[in-house]
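Given next are the chains, with one letter for each unit.
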Amino acid sequence: YAALNAAVVDSYVIPRYAAFAERTAVLEASLQEACADGRLEAGESAAAYNDAMDAWMAVQHLRFGPALLFLRYDRIEFWPDKRGTVRRHLAQMLSERDPKALEPQTFANGSVAVQGFPALERLLYDSDDAVWATPFGCRLAVAIGRNLHSIAGGLLADWRDGETPFAQVVKSAAEG
């Protein structure tokens, strides 16, 4: 099993988390560029969103280890949302327009409902609500992109780097 664990980690897990980190970096940059004029046009970032979501789909089933730390999984994909929490929390943020809420640390410690793909999808594609097209809505989309990239980078780092990377824990499972 040690060889299998090593092969799975090196050939499957790490490359997919690396792709997720790369795609969220592109998404973040795309959102920043699309918001240069203060108004986000969904089409400008749709391809980057789709690519980042595809990369997430390649790892979303890995619901153990670093994905569980800091509620990362829920922060990336708060779903299913049976009670409309994403819509309510987005509406609240958009109505309050508090720039401090978008600061990286504050945003990462806020509601998980607005930190990931479901919230960004609503901002990009919900034709029923054009409030996102405001400058604050644009900054909110950028904050979500930045947050997704930060989480993806943290996942990759925890698997691959540090004093005791999770990859090493999985590879050495037979030892203990």
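Refer to the structure above for everything that follows.
Here the residue numbering is sequential within each chain, running from 1 through the sequence in written order. Reporting in this predicted model follows two pLDDT cut-offs: at least 70 for local features of residues, and 80 or more for side-chain atom pairs to be given and counted; totals over whole chains, interfaces and linings ignore these cut-offs and use all residues. Side-chain numbers here rest on the full set of heavy atoms in the structure, without hydrogens or water.

### Looking at unusual backbone geometry
When glycine is set aside, most residues are seen to have a negative phi, and most peptide bonds are trans.
In step 1: Cis peptide bonds are those with omega within 30 degrees of zero, and the linkage from Trp 79 to Pro 80 qualifies with 0 degrees.
In step 2: Secondary structure counts use DSSP, requiring at least four H or I residues in a row for a helix and at least two E residues in a row for a strand, with both numbered from the N terminus. Structurally, the position occupied by Pro 80 is in the loop between α3 (72–76) and α4 (85–96).
In step 3: One non-glycine residue, Phe 70, lies in the positive phi region at around 60 degrees.
In step 4: Secondary-structure assignment places Phe 70 in the loop between α2 (42–57) and α3.
In step 5: Despite not being glycine, Arg 97 shows a phi value in the positive range, around 50 degrees.
In step 6: By secondary structure assignment, the location of Arg 97 is in the loop between α4 and α5 (104–108).

### Details of helix α7 (residues 135–160)
In step 1: Every helix has an expected span of 1.5 Å times one less than the residues it contains. With 26 residues, α7 should reach 38 Å at 1.5 Å per residue; the first-to-last C-alpha distance of 37 Å fits that figure.
In step 2: Looking one or two residues past α7, Gly 162 carries a phi angle of roughly 90 degrees, positive in sign.

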